[in-house]
Amino acid sequence: MRLDRYLAHYARMSRKEARAAVRQGRAALDGERVFREDCRVSEGMTVFLDGSALRAEEYVYYMLNKPPGVVSATSDRTERTVLDLVDTAGRDLFPVGRLDKDTTGLLILTDNGALAHRLLSPRYHVEKVYEFNYEGELVPDAVRLAAQGMDIGEKHLTEPALLELPASRPHFARLSISEGKYHQVKRMAAKLGGHVTELRRVAFGGIALDETLQPGEYRRLTEEEIGRLQQHTDNMD
Ligand code: URA
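Description of the structure in this document. What you see is a predicted model, and the numbers here were worked out from it, not measured in a lab.

1. Details of the overall build of the chain
Then, number 1: Helix and strand counts for the chain stand at six helices and 13 strands.
Then, number 2: Buried positions account for 46% of the 237 residues belonging to the chain.
Then, number 3: Sequence separation of at least 24 residues holds for 63% of the intrachain contacts in the chain that already meet a minimum separation of 6.
Then, number 4: Surface exposure of the chain reaches about 12800 Å², of which carbon and sulfur atoms provide 48%.
Then, number 5: Side chains of the chain carry 34 positive and 37 negative charges; the gap between the two charge centres is 3 Å.

2. Examining the pairing of strand 10 (residues 172–177)
Then, number 1: Of all six residues making up strand 10, five are buried, and the element is well covered by its neighbours.
Then, number 2: As judged from the six bridges shared by strand 8 (residues 128–136) and strand 10, these two strands associate in the antiparallel manner. Its bridge partner lying in strand 10, Tyr130 is registered against Leu175.
Then, number 3: Two strands pair when backbone bridges link them, and strand 9 (residues 162–164) and strand 10 are joined in this way by three bridges, in the antiparallel orientation. Across the sheet, residue Leu163 finds its bridge partner in strand 10, namely Leu175.

3. Thoughts on the site of the ligand
Then, number 1: Taken together, Leu99, Asp100, Thr103, Tyr130, His183, Gln184, Val185, Lys186 and Leu199 form the complete shell of residues around the ligand.
Then, number 2: The contact in question runs from an oxygen atom of the ligand to an N or O atom on the backbone of His183, over 3.3 Å.
Then, number 3: Within the complex, 96% of the 240 Å² of free accessible area of the ligand lies under protein.
Then, number 4: Using a 2 Å cut-off from the grid points, one finds that the ligand occupies the largest pocket.
Then, number 5: Here the shell around the ligand gets three residues from one element, more than from any other, and that element is helix 5 (residues 184–191).
Then, number 6: Residues of the shell around the ligand, tallied by class, amount to four nonpolar, three polar and two charged.

4. As for helix 1 (residues 3–10)
Then, number 1: For helix 1, a buried count of seven out of eight residues is recorded, marking the element as mostly surrounded by other parts of the structure.
Then, number 2: Within the span of helix 1, buried status applies to Leu3, Asp4, Tyr6, Leu7, Ala8, His9 and Tyr10.
Then, number 3: Considering only its buried residues, helix 1 is in contact with helix 2 (15–23), strand 1 (27–29), strand 3 (47–49), strand 5 (61–66) and strand 13 (218–220).
Then, number 4: Of the residues flanking the end of helix 1, it is Arg12, one or two places downstream, whose phi is positive at about 50°.

5. Quick notes on the nonpolar core
Then, number 1: Leu109, Phe132, Leu163, Leu175, Ile177, Val185 and Met188 are the most contacted members of the largest nonpolar core, which has 31 residues in total.
Then, number 2: When residues of this core are traced back to their parent elements, those giving at least two are strand 5, strand 7 (104–110), strand 8, helix 4 (142–148), strand 10, helix 5 and strand 11 (194–204).
Then, number 3: Membership of the second largest hydrophobic core comes to 17 residues, among which are Val96, Ile108, Ala116 and Phe204.

6. Describing the pattern of salt bridges
Then, number 1: Applying the stated rule across the entire model yields 21 salt bridges.
Then, number 2: Across the pair Glu79 and Lys101 runs a salt bridge, and its minimum N-O distance is 3.0 Å. Of this pair, Glu79 sits in the loop between strand 5 and strand 6 (94–95) while Lys101 sits in the loop between strand 6 and strand 7; the two residues are 22 residues apart in sequence, bridging distant segments of the chain.
Then, number 3: A salt bridge links Asp141 to Arg144; the shortest N-O distance between them is 2.7 Å.
Then, number 4: Taking relative accessible area as the criterion, Arg144 reaches 45% and is therefore assigned partly exposed.

7. Observations regarding the sheet that holds strand 4 (residues 52–53)
Then, number 1: Spatially, 2-1-3-4 is the arrangement adopted by the four strands of the open sheet, whose pairing is antiparallel. Both outer strands of the open sheet, strand 2 (32–33) and strand 4, are each paired with one neighbouring strand and no more.
Then, number 2: As paired elements, strand 3 and strand 4 share two bridges and run antiparallel to each other. Looking across to strand 4, one finds that Phe48 is bridged to Ala53.

8. Quick look at unusual backbone geometry
Then, number 1: Even without a glycine there, the phi angle at His125 is positive, about 50°.
Then, number 2: Mapping His125 onto the fold places it in the loop between helix 3 (113–120) and strand 8.
Then, number 3: For His183, which is not glycine, the phi dihedral falls at a positive 50°.
Then, number 4: Tracing the sequence through the fold places His183 in the loop between strand 10 and helix 5.
Then, number 5: Here His183 falls in the partly exposed class, since its relative accessible area comes to 29%.

Procedures and definitions
Residues numbered from 1 in each chain as written. Predicted model: local features only at pLDDT ≥ 70, side-chain atom pairs only at ≥ 80, totals over all residues. Heavy atoms only, no water. Helix = DSSP H or I, 4+ residues; strand = E, 2+ residues; numbered from the N terminus. Buried < 20%, exposed > 50% of the residue type's maximum accessible area, 1.4 Å probe, protein only. Contact = heavy atoms within 4.5 Å. Areas by Shrake-Rupley, 256 points an atom, 1.4 Å probe, with all protein chains shown as cover. Lys, Arg positive; Asp, Glu negative; His and termini not counted. Charge placed at Lys NZ, Arg CZ, Asp CG, Glu CD. Pairing = 2+ DSSP bridges. Near = heavy atom within 4 Å. Polar contact = N/O pair within 3.5 Å; in protein donor to acceptor, adjacent residues only side chain to side chain. 1 Å grid on protein atoms, 1.4 Å probe; cavity = no way out; pocket = protein on both sides within 12 Å on 5 of 7 lines; lining within 4 Å. Sits in = over half its atoms within 2 Å of the grid points. Nonpolar A, V, L, I, M, F, W, Y, C, P; charged D, E, K, R; others polar. Core = buried A, V, L, I, M, F, W, Y, C linked by side-chain atoms within 4.5 Å. Salt bridge = Lys/Arg side-chain N within 4 Å of Asp/Glu carboxyl O.

What follows is the structure, encoded as structure tokens:
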């Protein structure tokens, strides 16, 4: 990887700041000061910034506020994907699970395949919270039905889900589920009498969507957020 790219990635600088830092002589490679931002950092080299060694992170984690109209895939022949929105800095990132093309909100991207696999496994019951607007009228006992588990045409009933219907917001609902069946929220809403017109994920695994992120924007997860994700699966080992 080029040095300016490496610094941008591991020292969390912009590429412009990274280039300036190199030109100012603040970077060193294996103990030798370097002034060219395009020199290559090879496997096993230690990069220093202002005298401190940068530790290469094993994995990276991002939170994306997914906009509508992009697909949750790593590549697609015709559609724009969530990866087209992110500077992957050479990492093999992929989305942790899928949101429908028209669904917006919190999507985690990482290159930690083992953790992603576990977070998506039904075994760990990772909670996802969705908010949606709907047309039509939900049946009067919708909250109880969601809590009991519903037949949406799968082999098993859905797991108990928390449906919240704030009185102040007609045709708006919040649904917390701990599994991820295909089109689950839309299918549950349909079964309850509602047609979802807008769907947004606001939390995943105890991490809330950062409301300062505009649709299409992303940021690194904080150490604390990464720890929270890891905790879900640690407790079950
Ligand atoms: N449920 C859905 O129906 N769609 C999504 O994108 C996510 C959950």
